[in-house]
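Each chain, written out:
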Amino acid sequence: TILPVITVALPLLGVFNLGASQLEALHQLGHSLALYFVLPVGSLTTVINYISHRKTSIAAMATVGLFLVGLANSHIHIFHGTMIGQALHMIQHCGPWHRVVNISGCALLLGSNYLSQQQGCAHHDHHSHDGDCHGTSSSPCSHNHS
């Protein structure tokens, strides 16, 4: 959930008349957070969620999200001089393309996590009579309190 905030907040910092070096530092911070925080934590979350719900479609959604975030924030220079190389360059270095791919990846990650949590709640509600997904009791207490 931190990357979408950073994706929106970092470009807005330009209105504060920051110098070019400060803007470049913020830009690099955004890439570092994506590569060294969002990708590892998102990957771990994807695996744990999949183990919990076993829904391939939700895991695939998260995996595509991870791929897009990684693609937008890495600096892989392959396929020079080809259409793929040009597209990759635009995704990694052209502001609007970079933002669209990055935000799309974040949206897929957040959406898959939401769906995973909903699956967890449905599984919990279906298999447990002690309480709902939010820890509140769904049945009256069966023992005497006197």
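As a reminder, the structure under discussion sits directly above these lines.
What counts, and at which threshold
- Residues numbered from 1 in each chain as written.
- Predicted model: local features only at pLDDT ≥ 70, side-chain atom pairs only at ≥ 80, totals over all residues.
- Heavy atoms only, no water.
- Helix = DSSP H or I, 4+ residues; strand = E, 2+ residues; numbered from the N terminus.
- Buried < 20%, exposed > 50% of the residue type's maximum accessible area, 1.4 Å probe, protein only.
- Contact = heavy atoms within 4.5 Å.
- Areas by Shrake-Rupley, 256 points an atom, 1.4 Å probe, with all protein chains shown as cover.
- Patch = residues over 30% accessible without salt bridge, like charges linked within 9 Å, V, L, I, M, F, W, Y side chains within 5 Å.
- Salt bridge = Lys/Arg side-chain N within 4 Å of Asp/Glu carboxyl O.
- Core = buried A, V, L, I, M, F, W, Y, C linked by side-chain atoms within 4.5 Å.
- Expected span 1.5 Å × (residues − 1).
- Axes fitted to C-alpha atoms, helices over the stretch in contact; angles between N-to-C directions.
- Parallel < 35°, antiparallel > 145°, perpendicular 65-115°, else oblique.

Moving on, we get to the overall build of the chain. Helices and strands together make up the secondary structure of the chain, namely five helices and zero strands. Secondary structure of the chain in N-to-C order comes out as α-α-α-α-α. Taking all 146 residues of the chain together, the buried fraction comes to 29%. In the chain, the proportion of contacts linking residues at least 24 apart, taken out of those at least 6 apart, comes to 60%. A total of about 9600 Å² of accessible surface is found on the chain, and carbon and sulfur atoms cover 67% of it.

Quick look at a nonpolar patch on the surface now. A cluster of nonpolar side chains, contributed by Ile76, Ile78, Phe79 and Ile84, occupies part of the molecular surface with about 380 Å² of accessible area. Looking at the secondary structure, you find isoleucine 78 in the loop between helix H3 (56-73) and helix H4 (83-93).

Here we take up the nonpolar core. The biggest cluster of nonpolar side chains holds eight residues, and these are Ala34, Val38, Leu39, Ala62, Leu66, Val69, Cys106 and Leu109. Listed by contribution, the elements that provide at least two residues to this core are helix H2 (20-53), H3 and helix H5 (95-127). Residues contacting alanine 62, with those up to four places away along its chain left out, are Thr46, Leu109 and Ser112. Among the nonpolar cores identified, the runner-up in size contains six residues, and Leu71, Ala72, Leu88 and Ile91 belong to it.

Before going further, it helps to examine H2. Compared with an ideal rise of 1.5 Å per residue, which puts 34 residues at 50 Å, H2 spans 46 Å between its outermost C-alpha atoms and is within 8% of the ideal. Taken as a whole, H2 has its buried residues at Leu26, Gly30, His31, Ala34, Val38, Leu39, Gly42, Thr46, Asn49 and His53. Just downstream of H2 lies arginine 54, where phi reads positive at about 60°.

Next up on the list: the side chain of threonine 46. Looking at where threonine 46 falls in the secondary structure, it is placed in helix H2. A residue is classified by how much of its surface remains accessible, and threonine 46, at 12% relative accessible area, is buried.

In this section: the packing of H2 against H3. Running from N to C, H2 and H3 point in directions that differ by 170°, and their axes come no closer than 10 Å. When the axis of H2 is compared with that of H3, the two are roughly antiparallel. Here Gly30, His31, Ala34, Leu35, Val38, Leu39, Gly42, Ser43, Thr46, Tyr50 and His53 of H2 come into contact with H3, specifically with Thr56, Ile58, Ala59, Ala62, Thr63, Leu66, Val69, Gly70, Ala72 and Asn73.

Before going further, it helps to spend a moment on the side chain of asparagine 49. Secondary-structure assignment places asparagine 49 in helix H2. The contacts of asparagine 49, once residues within four sequence positions are left out, are Arg54, Asn113, Ser116 and Gln117.

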